[in-house]
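One letter stands for each residue in the lines below.
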Amino acid sequence: MNYQQLADKIKIWGQELGFQKVGICDIDLSEHEAQLQKWLDDGFHGEMDWMARHGMMRARPAELLPGTVRVISVRMDYLPPQAQFASNLADPTQAYISRYALGRDYHKLVRNQLKKLGQKIEQEVSQLGYRPFVDSAPILERPLAEKAGLGWSGKHSLILDKDAGSWFFLGELLVDIPLPVDEPSSNECGKCKACITSCPTNAIVADGVVDARRCISYLTIEYDGVIPEEFRRAMGNRIYGCDDCQLVCPWNRFAAVTQQPDFHRRETLGNADLVELFEWDEATFLHNMQGSAIRRIGHIQWLRNLAIAMGNAPYSPRIVQALTDRLGLNEMLDQHIVWALAEQQQQIPHTSTQTERLIRIVQKGLPRDA
Ligand code: SF4
Ligand code: SF4
């Protein structure tokens, strides 16, 4: 078997299957184990207990699929056209939803395409063990992507590509054949610290280290409890995820709009008026979010996030009415509604200087079509 020829073919097949970049690496992540352990010991994973439960397995792909010797790492761009970053963030009556979540859930699509890639390789070799992974699996996908040459790990901990920025999903195909590996990319962050200084909640506690407990993405998506008050104003109108550290990253000037229509903004999120979204009952939420990653947080968490954004919006009798009408539905939600009502009454101008700065930067012209 000529593995070099096979590796070349894998890259072509990957592109045909909708991946913008494909790289191959070995499975030695030992240099990341101490870092991962420290991150867990510091409690930076918050309540994502599965991360601690899987422990070092995340750094040892062969424990997931015995016999694994290589990982094929892939990138799929998701930046939707007309993403309206600046106008959504700047309007406190509108909800800001992380750009990756505006369209269909990516997990199934990326996993299916990875599976097809595995099937294609299988046709070329006499025997192949393979398994696809997408996000949330117990695997260190970013260090693997870095090793495979898909980009470098930025100070915000995401993978960045010189020609494509960071608006992309990652996926991995574990295989048990000794394909030739690719060169890792060099780190091009240099002296830039834009993501660190722009983070609304100071969640990037060191270069490449995010304390998830402070991160708006974690708080709005992964965390289902009472959001600490210290973060609520800084959350502004971000109701599902946060893109600030990517928005300010200079390399995202080079990001291309996705070729995948599934990732375009869905119609039901075309109007992001906070009150209208808050007025969705559970059946409407489940219906409108069918096929979306947002559906997984559930209706109560959705309302919780919106309640905080409504507390941060300028005073409006319509907001006060909508919040009041929701009281009594759920105890945890009530705590956020009561806070939001108090904020509404105080009419405190909440646009933080950090947010104003971010909006100025974004308005200077970040990614095309944004
Ligand atoms: S996603 Fe938002 S809150 Fe989280 S690290 Fe990036 S800028 Fe900070
Ligand atoms: S904003 Fe600057 S420091 Fe942060 S990831 Fe981008 S280039 Fe690196």
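Small disclaimer: the values here were computed from a predicted structure and weren't measured.

Describing the overall build of the protein
Right, so step 1: When helices and strands are tallied, the protein shows 17 helices and 10 strands.
Right, so step 2: Rg of the C-alpha trace for the protein: 21 Å, near the compact-globule value of 21 Å for 370 residues, within the 12% margin.
Right, so step 3: With respect to the three principal axes, the spread of C-alpha positions in the protein is 70 × 45 × 40 Å.
Right, so step 4: Within the protein, the fraction of its 370 residues that count as buried is 56%.
Right, so step 5: Considering the protein, the positive charge centre built from 40 side chains and the negative charge centre built from 47 side chains are found 3 Å apart.

A word on the packing of helix H14 (residues 298-312) against helix H16 (residues 331-346)
Right, so step 1: Packing of H14 against H16 leaves a shortest axis separation of 8 Å and a crossing angle of 10 degrees. One way to sum up the angle between H14 and H16 is to call them roughly parallel. Here the hand of the crossing between H14 and H16 comes out left-handed. Across from Ile-300, Leu-303, Arg-304, Ala-307, Ile-308, Met-310, Gly-311 and Asn-312 in H14, the residues of H16 making contact are Met-332, Leu-333, His-336, Ile-337, Trp-339, Ala-340, Glu-343 and Gln-344.
Right, so step 2: Split into classes, the residues belonging to the contact of H14 with H16 amount to 10 nonpolar, 4 polar and 2 charged.

With respect to helix H2 (residues 30-41)
Right, so step 1: With 12 residues, H2 ought to run about 16 Å at 1.5 Å a step, and its terminal C-alpha atoms sit 17 Å apart, in line with that.
Right, so step 2: Considered for burial, the residues of H2 that qualify are His-32, Glu-33, Leu-36, Trp-39 and Leu-40. On an axial view of H2, the arc spanned by its buried residues comes to 135 degrees, and they lie on one face. Facing away from the buried side of H2 by more than 90 degrees, the exposed set consists of Glu-31, Ala-34, Lys-38 and Asp-41.
Right, so step 3: Where H2 is buried, its residues touch helix H3 (49-54), helix H7 (141-147) and strand E9 (209-210).
Right, so step 4: Of the residues trailing H2, Gly-43 is marked for its positive phi of about 80 degrees.

Remarks on the packing of helix H1 (residues 3-16) against helix H6 (residues 106-124)
Right, so step 1: Contact geometry of H1 with H6 gives a least axis separation of 10 Å together with a crossing angle of 150 degrees. Regarding the angle of H1 to H6, the classification is roughly antiparallel. The element H1 and its partner H6 pack so that their crossing is right-handed. Only Leu-117, Lys-120, Ile-121 and Glu-124 of H6 make contact with H1, whose side of the interface consists of Leu-6, Lys-9, Ile-10, Trp-13 and Gly-14.

A closer look at the nonpolar core
Right, so step 1: Counting 113 residues, the largest nonpolar core has Ile-72, Ile-121, Ile-239, Tyr-240 and Trp-302 as the members making the most contacts within it.
Right, so step 2: Residues within four places of Trp-302 in sequence aside, it is in contact with Ile-97, Ile-239, Leu-269, Leu-277, Trp-280, Phe-285, Ile-294 and Ile-297.
Right, so step 3: Membership of the second largest hydrophobic core comes to 5 residues, among which are Trp-152, Leu-160, Cys-189 and Trp-251.

Here's the deal with unusual backbone geometry
Right, so step 1: One non-glycine residue with positive phi stands out, namely Ser-157, at about 85 degrees.
Right, so step 2: You can see Ser-157 is positioned in the loop between strand E5 (152-153) and strand E6 (159-160).
Right, so step 3: By relative accessible area, Ser-157 is classed as buried at 14%.
Right, so step 4: Even without being glycine, Asn-202 reaches a positive phi, approximately 50 degrees.
Right, so step 5: By secondary structure assignment, the location of Asn-202 is in the loop between helix H8 (194-198) and strand E8 (204-206).

Observations regarding the site of ligand 1
Right, so step 1: Taken together, the residues surrounding ligand 1 are Cys-199, Pro-200, Thr-201, Ala-203, Ile-204, Cys-215, Ile-216, Ser-217, Cys-242, Asp-244 and Cys-245.
Right, so step 2: Broken down by secondary-structure element, the contributors of at least two residues to the shell around ligand 1 are helix H9 (216-222) and helix H11 (244-247).
Right, so step 3: Its residues placed into classes, the shell around ligand 1 shows 8 nonpolar, 2 polar and 1 charged.

Quick notes on the side chain of Thr-68
Right, so step 1: Inspection of the secondary structure assignment puts Thr-68 in the loop between helix H4 (61-64) and strand E2 (70-77).
Right, so step 2: Here Leu-65 takes part through its backbone oxygen, which lies 2.6 Å from a polar atom of the side chain of Thr-68.
Right, so step 3: Once residues within four sequence positions are removed from consideration, Thr-68 is found in contact with Ile-27, Pro-61, Ala-62, Leu-174, Val-175 and Asp-176.

Focus: the pattern of salt bridges
Close approach of charged atoms lets side chains of opposite charge pair.
Right, so step 1: Counting across every chain of the model gives 17 salt bridges.
Right, so step 2: Taking the shortest distance from any N to any O, the salt bridge between Arg-296 and Asp-105 comes out at 2.9 Å. With Arg-296 in the loop between helix H13 (282-288) and H14 and Asp-105 in the loop between strand E3 (96-97) and H6, this pair connects stretches of sequence that are 191 residues apart.

Re the environment of Gln-335
Right, so step 1: By the element assignment, Gln-335 lies in helix H16.
Right, so step 2: A C-alpha to C-alpha distance of 31 Å links Gln-335 and Gln-84, two positions 251 residues apart in sequence.
Right, so step 3: If near-sequence neighbours (up to four positions away) are discounted, Gln-335 is found in contact with Val-226 and Arg-232.

Basis of the calculations
Residues numbered from 1 in each chain as written. Chains lettered and ligands numbered in written order. Predicted model: local features only at pLDDT ≥ 70, side-chain atom pairs only at ≥ 80, totals over all residues. Heavy atoms only, no water. Helix = DSSP H or I, 4+ residues; strand = E, 2+ residues; numbered from the N terminus. Rg over C-alpha atoms; globule rule 2.2 N^0.38 Å. Buried < 20%, exposed > 50% of the residue type's maximum accessible area, 1.4 Å probe, protein only. Lys, Arg positive; Asp, Glu negative; His and termini not counted. Charge placed at Lys NZ, Arg CZ, Asp CG, Glu CD. Axes fitted to C-alpha atoms, helices over the stretch in contact; angles between N-to-C directions. Parallel < 35°, antiparallel > 145°, perpendicular 65-115°, else oblique. Left-handed = near helix turned anticlockwise from the far one by under 90°. Contact = heavy atoms within 4.5 Å. Nonpolar A, V, L, I, M, F, W, Y, C, P; charged D, E, K, R; others polar. Expected span 1.5 Å × (residues − 1). Arc of directions from axis to C-beta. Core = buried A, V, L, I, M, F, W, Y, C linked by side-chain atoms within 4.5 Å. Near = heavy atom within 4 Å. Polar contact = N/O pair within 3.5 Å; in protein donor to acceptor, adjacent residues only side chain to side chain. Salt bridge = Lys/Arg side-chain N within 4 Å of Asp/Glu carboxyl O.

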